Amino acid sequence: EMILLEFNNRILFEIIEQRFTNEKRELLDVVFADFDGVSFHVSTQDGEKRNLVTVSMSWSCCSQLFQLGAQQDLKKIYGPMLQAQPEAKYDVSLLIDLDNPPEDPKNLPLKISNLKRHVFAAPFKKVFGDIVNKSAGNQIVSIDYRGNESIYLKPEGDSCTVIFSIAFSEDADAVFAKVFLQEFADARKSMRGVPAVKFTYREAPLELENFPGLKNVESNGFVSMVVFDQHLN
Amino acid sequence: SEFHLIALVFYQANTLRPYLNTVRHTLDASLCLRNFPSQTVERHNKPEVEVQSSKELLLNPVMICRNEQEKCLIESSINSVRVSIAIKQADEIESILCHKFTSFLMQRSEQFIVMRRKPAKGYDLSFLVTHMHLERMWKHKLIDFLIEFMEDIDKEISGMKIAINARARIIASEYVKQFCP
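Along each chain, the written sequence defines residue order, and numbers are assigned to residues from 1. Chains and ligands are labelled by the order in which they are written, letters from A for the one and numbers from 1 for the other. Only residues with pLDDT of at least 70 get local features here, since the model is predicted, and only at 80 or more are side-chain atom pairs given and counted; chain-wide, interface and lining totals rely on the full set of residues. Excluded from the side-chain calculation are hydrogens and water; included are all heavy atoms of the structure.

## Some words on the overall build of chain B
Argument step 1. Across its full length, chain B carries six helices and four strands.
Argument step 2. Each helix is a run of DSSP H or I of at least 4 residues and each strand a run of E of at least 2, with the numbering of both proceeding from the N terminus. Along chain B, helices (α) and strands (β) appear in the sequence α-α-β-β-β-α-α-β-α-α when read from the amino end.
Argument step 3. Relative to the 2.2 N^0.38 estimate, which gives 16 Å for 181 residues, the radius of gyration of chain B is 20 Å and therefore markedly larger than a compact globule would have.
Argument step 4. Here the term buried applies to any residue with accessible area under 20% of the maximum for its type, exposed to any over 50%, and partly exposed to those in between, with areas from a 1.4 Å probe on protein chains only. When the 181 residues of chain B are sorted by exposure, 40% land in the buried category.
Argument step 5. Every residue pair with non-hydrogen atoms within 4.5 Å of one another is taken to be in contact. In chain B, 60% of the contacts between residues at least 6 apart in sequence involve partners at least 24 apart.
Argument step 6. What sets the accessible areas is the Shrake-Rupley method with a 1.4 Å probe; for residues, cover comes only from the shown protein chains. Total accessible area computed for chain B in this model is approximately 11,100 Å², and 57% of it derives from carbon and sulfur atoms.
Argument step 7. None of His or the chain ends enter the tally, which takes Lys and Arg as positive and Asp and Glu as negative. Charge placement uses NZ in Lys and CZ in Arg. For Asp and Glu, CG and CD serve respectively. Positive and negative side-chain charges in chain B, numbering 24 and 22 respectively, have mean positions lying 4 Å apart. We take the radius of gyration over the C-alpha atoms and set the globule estimate at 2.2 Å times the residue count to the 0.38 power.

So this is what it looks like as structure tokens:
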């Protein structure tokens, strides 16, 4: 009944999986897209050395995410596979040696196909980690993950307010959003530990009132959720 | 207070039957149509209620109001009657549902034969009944259809709204499960 999207990229997963299971190694040069304007490029850069597969990703907010700790996270996760210099026109590249995998090849399809997820998770890990360690400041973090939509993280003591800005192509969509979010807010009455949620349309949410990095106030809807360290642990 | 709410619901429910009965009787009186070739253009036959060119062919329009929002306008003429209805829209979501639903129906107005492709100004849906329709259809059945339509459209929109809320509840609880182990 429910369609729950997976976190990793299915196309990337299958390409890497097939590369390890196929004995034949053809030249590879695939470009494909993911949500949020992300594009991937998987290729064998050197025709002679078809065991070396390059996986590159381009995403407009990558530089923002790198500043928020993504670079370190990727180094920890991908180790020697992470390339110091990404491929031209891309923001991050991984190099996989099919003959010399850095770990059990069974794990690699999932790990590689989670590249976008790992990059995206970095600021959340950092802010939530700081809150659990009680070392969080008050600085608001912006993640402009799409052209006209952003996510803001506002730590406050032992809680974090996460604000999603949503661009609606029609006013009617905003009305439907209100209905869904009202149900979300009502869920708090029957279940414990549900984060508080608020919705504002075409006006800045209270939490971001004087924030200079706030974009698209006159056109977007804003969903604010407050998560506590019980959720973050 | 609770009593006030119950009294209000009872009163509203109480107005439905008199409202529909009044509409029925008015339609019964208005739907006495006959063929009337156009007085202004030779060999043409037009619904006079739409053309509105000759005053003597038009009757006084009757508006039947259930409340400020819900009403029915019946405009009659010698060879045609236009029936326009304003549908109850209590909130934004009912407004969107009503608009989408009526657009859907009006795009397929040929299937309904007597439905107008555009509503009259100030109303959500209009019907145009001509003498030709009455020659082919039973008058009392046609009136039954119009009255049933008015009743059912409210039920449809309420049903759709309930379905939306139910779906929203399912989605919200699925999402929220991730926060509460």
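Still to come is the rest of the account.
## Concerning the overall build of chain A
Argument step 1. The helix and strand tally for chain A stands at six helices and nine strands.
Argument step 2. Across its three principal directions, the C-alpha atoms of chain A cover 60 × 40 × 35 Å.
Argument step 3. Across the 233 residues that make up chain A, the buried fraction comes to 46%.
Argument step 4. Put simply, chain A shows about 12,700 Å² of open surface, and 50% of that area lies on carbon and sulfur atoms.

## Brief notes about the packing of aromatic side chains
All names here are of chain A.
Argument step 1. Side-chain rings of Phe, Tyr and Trp (the six-membered ring for Trp) are treated as a pair once their centres are within 6.5 Å; stacked means planes under 30 degrees apart, edge-to-face means over 60, and tilted covers the remaining angles. Counted according to the given criterion, the structure contains 13 aromatic pairs over all chains.
Argument step 2. With a centroid separation of 5.8 Å and an interplanar angle of 70°, the aromatic rings of Phe168 and Tyr201 are classed as edge-to-face. Here the residue Phe168 occupies a position in the loop between strand 7 (159–167) and helix 5 (171–190), and Tyr201 occupies one in strand 8 (residues 196–201), the gap between them amounting to 33 residues.
Argument step 3. Members of the aromatic cluster, each reached through a chain of ring pairs, are Trp59, Phe120, Phe124, Phe128 and Tyr145.
Argument step 4. Its guanidinium or amino end placed over the ring of Phe13, Arg10 lies 4.8 Å from that ring's centre, counting from NZ or CZ. Two conditions define a charge sitting above a ring: the NZ of Lys or the CZ of Arg must be within 6 Å of the ring centre, and it must be within 35 degrees of the ring normal.

## Regarding the sheet that holds strand 5 (residues 141–143) of chain A
Strand pairs in the sheet, formed through backbone hydrogen bonds, run parallel or antiparallel to each other.
Residue and element names in this part refer to chain A.
Argument step 1. Any two strands are treated as partners once DSSP identifies two or more bridges connecting them. Taken in spatial order, the five strands of this open sheet run 5-6-7-9-8, and their pairing is antiparallel. The two strands at the open ends of the sheet, each matched to only one other strand, are strand 5 and strand 8. Sheet twist, expressed as the average angle between the axes of neighbouring strands with direction ignored, equals 15°.
Argument step 2. Pairing analysis gives nine bridges linking strand 7 to strand 9 (residues 220–228), with the strands arranged antiparallel. The axes used here are C-alpha line fits, helices contributing only the stretch in contact, and every angle between their N-to-C directions lies in the interval 0 to 180 degrees.

## Observations concerning the packing of helix 3 (residues 92–107) of chain B against helix 6 (residues 139–177) of chain B
Residues and elements named next belong to chain B.
Argument step 1. One way to put it is that helix 3 packs onto helix 6 with a least axis distance of 10 Å and a crossing angle of 125°. Relative to helix 6, the element helix 3 lies oblique. The two elements helix 3 and helix 6 meet at a crossing, and its hand is right-handed. Here Ile93, Glu94, Leu97, Cys98, Phe101, Thr102 and Leu105 of helix 3 come into contact with helix 6, specifically with Phe149, Ile153, Glu156, Ile157, Met160, Lys161 and Ile164.
Argument step 2. Only Asp, Glu, Lys and Arg are considered charged in this grouping, and only Ala, Val, Leu, Ile, Met, Phe, Trp, Tyr, Cys and Pro are considered nonpolar; every other residue, Gly among them, is considered polar. Its residues assigned to classes, the contact of helix 3 with helix 6 comprises 10 nonpolar, one polar and three charged. Each angle gets one of four labels, with under 35 degrees taken as roughly parallel, over 145 as roughly antiparallel, 65 to 115 as roughly perpendicular, and the rest as oblique. Should the near helix be turned anticlockwise from the far one by less than a right angle, the crossing is left-handed, and should it be turned clockwise, the crossing is right-handed.

## Topic: the sheet that holds strand 1 (residues 29–33) of chain A
All names here are of chain A.
Argument step 1. The four strands are arranged 1-2-3-4 in an open sheet whose pairing can be described as antiparallel. For this open sheet the edge positions go to strand 1 and strand 4 (92–97), each flanked by a neighbour on one side alone. With direction set aside, neighbouring strand axes in the sheet form an average angle of 15°.
Argument step 2. Two elements, strand 1 and strand 2 (residues 39–43), share five bridges in a ladder whose sense is antiparallel. Each residue of the ladder has a partner; that of Asp29, found in strand 2, is Ser43.
Argument step 3. Each of strand 2, strand 3 (52–58) and strand 4 touches helix 4 (residues 115–132); the most contacted strand, strand 3, lies at about 45° to it.

## A few points about unusual backbone geometry
Negative phi is the rule for most residues except glycine; trans is the rule for most peptide bonds.
Argument step 1. Even without glycine at this site, Lys134 of chain A takes up a positive phi of about 60°.
Argument step 2. In this fold, Lys134 of chain A is placed in the loop between helix 4 and strand 5.
Argument step 3. Although it is not a glycine, Ile113 of chain B adopts a positive phi angle of roughly 65°.
Argument step 4. With respect to the helices and strands, Ile113 of chain B occurs in the loop between helix 4 (109–112) and strand 4 (125–130).

Function cannot be read off these values alone, since they describe shape.
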